[in-house]
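Descriptive structure summary
Okay, here's what each chain looks like letter by letter:
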Amino acid sequence: MEILAKLAFAIYALIILGGALTAVSSKSLVRSLVGLIVTFFGVAGMYLLLNTPFLAFMQMLIYVGAVCVLVFFAVMLTRADGRGEEAAPVGGKRRFRALLAGLLPVAGLGAILVKHQGETKTLPVEVDLTALGSGLLDQYALNFELISLVLLVAMSGAVLLAWERKEKK
Amino acid sequence: MSALTLYQLVALVLLAVGLYGIVSRRTLVGMLIAVELMLNGAGLSIVAAAQLTDANATLGQLGTLLVMGLAAAEATLVLAIIVVVSRRFGTTEAAAVSTLKE
């Protein structure tokens, strides 16, 4: 059974890598968004492998269901086709700087990670869903309320920003 | 290589690709997509650390839920900002948005 888990991990990692590379390198933003969705599904598979099915479900519900629709609205409100603003090829200098920005911090973190490997369990912990619920309402109730407050402020801020003032125009 | 390290390496790959995207993309929408990639890497890293070590697993899962909520709030605000910028400047290229008042 362990070989199956490793195989699933490799497949999910490949899905994540392919989706992420499509998301950052595609010329059309619609394709880029599809790559992002593929990455979300790959990460949801990783959550399943980590024995957290609730988080995998939430990943699909929140990211694929809500965030992707928001990004799709943003794509539709701008010119996103193959001749749009992202269509011009990325210059060599810009690509080099972007590679530097991506690889330098990650190389440092990766070196630390590989050098200091902590003790790990072979099997992930199983957390009951009731433990999560009682944690949200009991021990971490303040965080729960704060995130709802943040969402409320973000929502009303978005409405306020995008409001078309009619008397001015 | 332990399982925890492998999961953390996948999260690091997501971080690297996201950083590359946020620097190389021209438009705000492309940058938003890169930020979502990085947030996903953060969530995966937190869950892997919580599930595979002696740390509090409930806290880790709730922390990832918190990251997801923050990502949703951030995407909402960025969408509104993109609407305002494209209405005002006629484009969403980050380089074009460099003046406070025209």
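Since the structure is predicted, the reported quantities are computational estimates derived from the model, not experimental observations.

How each quantity is defined
Residues numbered from 1 in each chain as written. Chains lettered and ligands numbered in written order. Predicted model: local features only at pLDDT ≥ 70, side-chain atom pairs only at ≥ 80, totals over all residues. Heavy atoms only, no water. Helix = DSSP H or I, 4+ residues; strand = E, 2+ residues; numbered from the N terminus. Rg over C-alpha atoms; globule rule 2.2 N^0.38 Å. Buried < 20%, exposed > 50% of the residue type's maximum accessible area, 1.4 Å probe, protein only. Contact = heavy atoms within 4.5 Å. Buried area = accessible area lost by both parts, 1.4 Å probe. Salt bridge = Lys/Arg side-chain N within 4 Å of Asp/Glu carboxyl O. Polar contact = N/O pair within 3.5 Å; in protein donor to acceptor, adjacent residues only side chain to side chain. Domains from an automatic or database assignment.

Attention now goes to the overall build of chain B. A count of helices and strands for chain B gives three helices and zero strands. Going from N to C terminus, chain B has its helices and strands arranged as α-α-α. For 102 residues, the compact-globule formula gives about 13 Å, and the C-alpha radius of gyration of chain B, at 17 Å, lies well above that figure. Its C-alpha atoms give chain B principal-axis dimensions of about 55 × 25 × 15 Å. Among the 102 residues that make up chain B, the fraction classed as buried is 59%.

The next thing to look at is the interface of chain A and chain B. Across the contact, 79 residues belong to chain A and 71 residues belong to chain B. Between chain A and chain B the total buried area reaches about 6600 Å² when both faces are included, carbon and sulfur atoms providing 74% of it. Applying the counting criterion to the chain A and chain B interface returns one salt bridge. Here K121 of chain A ties to D54 of chain B by a salt bridge, and the two come within 3.6 Å at their closest N and O atoms. At the junction of chain A and chain B, the tally comes to twelve residue pairs in polar contact (both at pLDDT 80 or more). For the side of chain A that touches chain B, the elements supplying multiple residues, two or more each, are helix 1 (2-25), helix 2 (29-49), helix 3 (53-76), helix 4 (92-115), helix 5 (129-139) and helix 6 (141-162) of chain A.

Moving on, we get to the domain arrangement of chain A. Here the domain parsing of chain A yields domain 1 (1-88) and domain 2 (128-164). Placing the centre of domain 1 of chain A and that of domain 2 of chain A at their C-alpha centroids yields a distance of 24 Å.

A positive phi angle, near 65°, is found at N51 of chain A, a position not held by glycine. Inspection of the secondary structure assignment puts N51 of chain A in the loop between helix 2 and helix 3.

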